[in-house]
Amino acid sequence: MFASFKSIASYIPERVFKNSDFEKIIDTSDEWIVKRTGIKERRFAAEHEATSDLAFEASKIAIQRAGIDAEEIDCILVATISPDFLCMPSTACVLAERLGIENIPAFDISAACSGFIYLLSIAKAYVESNTYKNILIVGAEKLSAITDFSDRSTCVLFGDGAGAAVIGTTQEKSSSVLDISISSNGKYQDFLVTPGGGSRTPIRADNVDKNLQYMKMKGNETFKLAVKTLASDVKDILQRNNISPKDIRFFIPHQANLRIIKAVGELLDFSIEQSVITVDKYGNTSAASIPMAMNDIYEEGRLKKGDLILLDAFGGGLTWGSALLYFNGGNLI
Ligand code: ACO
């Protein structure tokens, strides 16, 4: 028995925040943001919406599209760096309650922008060891809640959203999640960090005054390492599976920066038609970015059952990962 990618769905918050909106609050310009990142606008969740609310909207649709009832989900996994609550309960437990599902395992993982691929690797292992049959995996972020809107080097980059998928079973390798690789290197932990709020720097008024509860990033250093790591990771997984870039229907990289996506695509010989790009309209939504991008091409009618796709991500930790899979979702509902 193999793990199979049965459905995809996303939730995109309503509020559009354009680059010109940033021009009103910080020293920046639409021209700088577009040239350096490719981002034109991003979505922000409403004040009352938490990460689990975004996850819930995407999950409902993912379950429906998988053709199962919520009661058939036997495990819920959420990847997020902006959980509803810092320590507990997990966003996965809150989500399970919203979905009306009780007495199944539900937990969060922390792997920043690589979170969705990390989840997929856990789901594949559970399904193929016959532990669970229908696993809901969700990448969901309300990054606007952990963004410092006075720091122009980070605030223009991020957005909110959620993407969800159901991982089930198949007997056919040609409709399975073929291979996944995940990795990390804590040597670069200070490249992307939310310094305050954890046990190292607990929440205290003086730490909050220094804005330590928000994301900080060494952008330039991260950029260089991202291109190198993503390209070599993808080369490895393709070689290991004896697949050439032209056999891939869609290359769906994490959406952090258009320049990174283009550089990696060029190094790997992916055509512009193969590379999926959504960073222009959603910005970087961390763990949600890959499933949101995947859902866009699904809803556009481009992603079809049987398509071989390649996912590739890189993020805080540092973490990275790639996945090769045949999409096994049904028709759009
Ligand atoms: N508007 C105008 N100017 C700006 C802005 C802004 N919003 N932000 C920075 N600048 C200025 C800087 O102050 C600097 O000015 P200086 O030369 O006078 O000092 C200049 O622009 C260049 O800054 P750099 O940081 O060198 O710009 P760079 O070309 O590297 O682009 C960016 C920055 C977009 C952040 C890029 O480095 C990047 O995308 N890095 C990788 C991001 C990534 O992949 N992250 C991993 C995933 S995220 C996660 O895991 C949550």
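The following refers to the structure shown. (Residues numbered from 1 in each chain as written. Predicted model: local features only at pLDDT ≥ 70, side-chain atom pairs only at ≥ 80, totals over all residues. Heavy atoms only, no water.)

The next point concerns the pairing of strand S13 (residues 319-326). Within S13, seven of the eight residues are buried, which leaves the element mostly enclosed by the surrounding structure. Looking at chain direction, strand S8 (residues 177-184) and S13 are connected through seven bridges and run antiparallel. By the bridge assignment, aspartate 179 is partnered in S13 with leucine 324. Examined bridge by bridge, strand S12 (residues 308-315) and S13 share eight bridges and lie antiparallel to one another. Considered in S13, the bridge of alanine 313 is made with glycine 321. Hairpin connection of S12 to S13: three residues between the antiparallel strands, including glycine 317 at a positive phi of 145 degrees. (Buried < 20%, exposed > 50% of the residue type's maximum accessible area, 1.4 Å probe, protein only. Helix = DSSP H or I, 4+ residues; strand = E, 2+ residues; numbered from the N terminus. Pairing = 2+ DSSP bridges.)

All right, on to the pattern of salt bridges then. Throughout the structure, instances matching the rule amount to 12 salt bridges. A salt bridge links arginine 98 to aspartate 53; the nearest nitrogen and oxygen atoms lie 2.7 Å apart. Of this pair, arginine 98 sits in helix H4 (residues 91-99) while aspartate 53 sits in helix H3 (residues 51-65), and the two are 45 residues apart along the sequence. Taking relative accessible area as the criterion, arginine 98 reaches 35% and is therefore assigned partly exposed. Taking relative accessible area as the criterion, aspartate 53 reaches 22% and is therefore assigned partly exposed. When the shortest N-O distance is used, the salt bridge between glutamate 128 and lysine 124 registers 3.2 Å. You can see glutamate 128 and its partner lysine 124 sitting in helix H5 (residues 115-128), four residues apart, about one turn around the helix. (Salt bridge = Lys/Arg side-chain N within 4 Å of Asp/Glu carboxyl O.)

As a further point, take the environment of glutamate 23. With respect to the helices and strands, the residue glutamate 23 is situated in helix H1 (residues 19-23). Residue glutamate 23 is classed as partly exposed on the basis of its relative accessible area of 37%. Among all residues touching glutamate 23, those that are not within four sequence positions of it are Thr28, Ser29 and Asp30. A polar atom in the side chain of glutamate 23 sits 2.7 Å from the backbone nitrogen of aspartate 30. (Contact = heavy atoms within 4.5 Å. Polar contact = N/O pair within 3.5 Å; in protein donor to acceptor, adjacent residues only side chain to side chain.)

Before going further, it helps to spend a moment on the site of the ligand. Inspection of the region around the ligand gives 26 residues, with Thr28, Arg36, Cys113, Asn220 and Asn257 positioned closest. Within the contact set of the ligand, an oxygen atom lies 3.3 Å away from a side-chain nitrogen or oxygen of tryptophan 32. Contact between the ligand and arginine 36: an oxygen atom at 2.6 Å from a side-chain N or O atom of the residue. Relative to its free-state accessible area of 1000 Å², the ligand is covered by the protein chains to the extent of 75%. Of all elements in the fold, only helix H2 (30-37), helix H6 (152-155), helix H8 (219-240), helix H9 (258-268) and S12 reach the threshold of two or more residues within the shell around the ligand. Here the shell around the ligand takes four residues from H8, the largest share from any one element. (Near = heavy atom within 4 Å. Areas by Shrake-Rupley, 256 points an atom, 1.4 Å probe, with all protein chains shown as cover.)

The next point concerns the sheet that holds strand S7 (residues 160-170). Strands sit in the order S1-S7-S6-S4-S5 across an open sheet of five strands; the sheet is mixed. Either end of the sheet is taken by a strand with one partner, and the two such strands are strand S1 (2-11) and strand S5 (106-109). Averaged over all adjacent pairs, the angle separating strand axes in this sheet is 20 degrees, with direction ignored. One ladder, built from five bridges, connects strand S4 (residues 75-79) with strand S6 (residues 135-142); its direction is parallel. Paired with leucine 77 across the strands is isoleucine 137, a residue of S6. Helix-sheet contacts for H3 involve S1, S6 and S7, and the interaxial angle to S1 is about 125 degrees. In this fold H5 packs onto S1, S4, S5, S6 and S7, with an angle of close to 165 degrees to the strand it touches most, S6. (Axes fitted to C-alpha atoms, helices over the stretch in contact; angles between N-to-C directions.)

Let us look at the side chain of aspartate 74. Tracing the sequence through the fold places aspartate 74 in the loop between H3 and S4. Buried charge without a partner: aspartate 74 forms no salt bridge, and the closest opposite charge is lysine 133, 6.4 Å away. For aspartate 74, the side chain forms a polar contact with the main-chain nitrogen of lysine 133, separated by 2.7 Å. Excluding anything up to four places from it in sequence, aspartate 74 contacts Ile104, Pro105, Tyr132, Lys133, Asn134 and Ile135. (Lys, Arg positive; Asp, Glu negative; His and termini not counted.)

Taking 1.5 Å of rise per residue, 15 residues should cover 21 Å, and H3 covers 21 Å from first to last C-alpha, within 8% of that figure. Of all the residues in H3, the buried ones are Thr51, Ser52, Leu54, Ala55, Phe56, Ala58, Ser59, Ala62, Ile63 and Arg65. The elements touched by buried residues of H3 are S1, H4, S6, S7 and helix H11 (289-299). In the stretch just after H3, glycine 67 is the one whose phi turns positive, near 75 degrees. (Expected span 1.5 Å × (residues − 1).)

According to the stated counting rule, one finds one cavity of 30 Å³ or more in the structure shown. In this structure, the largest cavity encloses a volume near 30 Å³. Looking at the largest cavity, the residues that line it are Gly196, Gly197, Ile203, Asn207, Val208, Leu212 and Gln213. Looking at the lining of the largest cavity residue by residue, the classes come out as three nonpolar, four polar and no charged. (1 Å grid on protein atoms, 1.4 Å probe; cavity = no way out; pocket = protein on both sides within 12 Å on 5 of 7 lines; lining within 4 Å. Points joined across faces, edges and corners; volume = space filled by probe spheres on them. Nonpolar A, V, L, I, M, F, W, Y, C, P; charged D, E, K, R; others polar.)

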